[in-house]
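One-letter residues, chain by chain:
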Amino acid sequence: MSTINDYHVLMECGCDDSAIIQSIPEGSLDKRDFNRGNVLSNTIEDKLTLHFSDEYPENIKLYDFVENTLNLLVVSDRTKTVFDNEGVKDLDYIPVQLVDHKGNIAGKEYYIVNFLKRQPIIDMDNSEYDLSYVSNLILDIDLLCLNITEVDDDAKLFRSTTEATMNFIRDDLLQALQRADLKGIKAVPAEGWDGNIFSF
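Procedures and definitions
- Residues numbered from 1 in each chain as written.
- Predicted model: local features only at pLDDT ≥ 70, side-chain atom pairs only at ≥ 80, totals over all residues.
- Heavy atoms only, no water.
- Helix = DSSP H or I, 4+ residues; strand = E, 2+ residues; numbered from the N terminus.
- Buried < 20%, exposed > 50% of the residue type's maximum accessible area, 1.4 Å probe, protein only.
- Contact = heavy atoms within 4.5 Å.
- Polar contact = N/O pair within 3.5 Å; in protein donor to acceptor, adjacent residues only side chain to side chain.
- Pairing = 2+ DSSP bridges.
- Phe/Tyr/Trp six-rings, centres within 6.5 Å; stacked < 30°, edge-to-face > 60°.
- Salt bridge = Lys/Arg side-chain N within 4 Å of Asp/Glu carboxyl O.
- 1 Å grid on protein atoms, 1.4 Å probe; cavity = no way out; pocket = protein on both sides within 12 Å on 5 of 7 lines; lining within 4 Å.
- Points joined across faces, edges and corners; volume = space filled by probe spheres on them.
- Nonpolar A, V, L, I, M, F, W, Y, C, P; charged D, E, K, R; others polar.
- Patch = residues over 30% accessible without salt bridge, like charges linked within 9 Å, V, L, I, M, F, W, Y side chains within 5 Å.
- Areas by Shrake-Rupley, 256 points an atom, 1.4 Å probe, with all protein chains shown as cover.
- Lys, Arg positive; Asp, Glu negative; His and termini not counted.
- Charge placed at Lys NZ, Arg CZ, Asp CG, Glu CD.
- Axes fitted to C-alpha atoms, helices over the stretch in contact; angles between N-to-C directions.

Trainee: Give a detailed account of the environment of His-101, specifying residues and quantitative values.
Mentor: Tracing the backbone through its elements, the reader meets His-101 in the loop between β6 (91-99) and β7 (105-115). Given a relative accessible area of 28%, His-101 falls into the partly exposed group. Note: C-alpha distance between His-101 and Asp-54 (47 residues apart in sequence) is 6.6 Å. The contact partners of His-101, leaving out residues within four places of it in the chain, are Phe-52, Ser-53, Asp-54, Tyr-56, Pro-57, Asn-59 and Ile-60. Here the side chain of His-101 touches Ser-53 through a polar contact of 2.9 Å, landing on its backbone oxygen.

Trainee: Before we move on, could you go through the sheet that holds strand β4 (residues 65-68) and cite the residues and values that matter?
Mentor: Within the open sheet, the six strands sit side by side as β2-β4-β5-β7-β6-β3. Their pairing is mixed. Whereas interior strands pair on both sides, the edge strands pair on one side only; in this sheet they are β2 (20-21) and β3 (48-51). Note: β6 against β7, eight bridges, orientation antiparallel. Pairing of Leu-98 across the sheet is with Gly-107, part of β7.

Trainee: Hey, could you go over the packing of aromatic side chains for me, with residue numbers and the actual values?
Mentor: Counted under the stated rule, the structure contains three aromatic pairs. Here Tyr-7 and Phe-158 contribute two aromatic rings whose centre-to-centre distance is 6.2 Å and whose plane-to-plane angle is 65°, an arrangement assigned as edge-to-face. Linking Tyr-7 in strand β1 (residues 7-11) with Phe-158 in strand β11 (residues 157-160), this pair joins segments that are 151 residues apart in sequence. Given a relative accessible area of 1%, Phe-158 falls into the buried group.

Trainee: Let's hear about the pattern of salt bridges: which residues, and what values?
Mentor: Applying the stated criterion to the full structure yields nine salt bridges. Asp-154 serves as the salt-bridge partner of Lys-89, at 3.0 Å between the closest nitrogen and oxygen. Taken together, the positions of Lys-89 in the loop between α1 (77-85) and β6 and Asp-154 in the loop between β10 (138-143) and β11 put the pair 65 residues apart, joining distant regions of the chain. Residues participating in the shared-partner salt-bridge network are Lys-156, Arg-170 and Asp-172.

Trainee: With reference to specific residues and values, describe empty space enclosed by the protein.
Mentor: Under the counting rule described, the total for this entry stands at one cavity of 30 Å³ or more. Quantified by volume, the largest cavity comes out at close to 70 Å³. As for the largest cavity, its lining consists of Lys-89, Asp-90, Lys-117, Gln-119, Asp-152, Asp-154, Ala-155, Lys-156, Leu-157 and Phe-158. Tallied by class, the residues present in the lining of the largest cavity amount to three nonpolar, one polar and six charged.

Trainee: Could you give me a rundown of a negative patch on the surface, with the residues and numbers involved?
Mentor: Together, Glu-128, Asp-130, Asp-140, Asp-142 and Asp-194 line one region of the surface with negative charge. Listing elements by their share of the negative patch, those giving two or more residues are β9 (128-131) and β10.

Trainee: Outline the sheet that holds β11, supporting the account with residue identities and numerical values.
Mentor: On the basis of which strands lie adjacent, the open sheet formed by five strands has the order β8-β11-β12-β1-β13 and mixed pairing. In this open sheet, the two edge strands, each paired with only one partner strand, are β8 (118-119) and β13 (186-189). Two elements, β1 and strand β12 (residues 167-170), share four bridges in a ladder whose sense is antiparallel. Its bridge partner lying in β12, His-8 is registered against Ile-169. Strands β1, β11, β12 and β13 of the sheet are contacted by helix α2 (residues 171-179), whose axis makes an angle of about 85° with β12.

Trainee: Tell me what's going on with the pairing of β6, and back it up with residues and numbers.
Mentor: Along β6, seven of the nine residues are buried, which leaves the element largely enclosed by surrounding structure. Of the strand pairs in this sheet, β3 and β6 are connected by four bridges, and their pairing is parallel. Pairing of Leu-48 across the sheet is with Val-96, part of β6. Between the antiparallel neighbours β6 and β7 lie five residues, among them Gly-103 with a positive phi of about 90°.

Structure below.
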């Protein structure tokens with residue numbers, strides 16, 4: 001049975017030389033369409049093409065987790081394989097290809113992870129945070145405290161019901177990713193985290 005210490009916050013790559021994605025092609029899905037509980041993969045006929053940001057011309061390296069400013073989780077096919085092998089549920093995968101600054105395909109087999117089910121993992125009484133007046137969701141965390149009493153026993157990778165962009169990963173899945181030697185993993189124990197990405 002899982003304990004509070006089994007959960008981590010998982011962020012996009014965070015490597016200084018990682019290619020950075022800053023937009024989704026116009027006329028396709030909007031970034032606001034993702035992670036709202038709706039299956040999107042069956043609405044896409046062809047792979048989405050994501051371009052390396054021109055604002056970071058020196059950033060050209062691809063990792064298994066791709067840096068982006070969209071609050072999305074963009075992962076390699078190798079990562080998806082681990083997720084599948086570990087029985088991760090409630091994820092929808094949108095196939096994408098990554099194109100470099102010169103217009104060349106740099107990564108053919110990548111996916112945007114679309115979270116289908118959120119979990120009530122954040123202890124709203126004991127955590128310290130700023131709340132949005134518009135959405136009633138957490139904007140910034142100063143101290144993260146967990147309550148896992150209502151988290152599904154089989155939930156290994158998910159987002160919270162009370163914070164829109166934070167990825168939570170269970171320790172057994174994190175270890176499986178590390179055993180597979182995947183690159184660009186950035187994770188920190190969730191309980192007691194101060195919300196500062198530089199603490200990783």
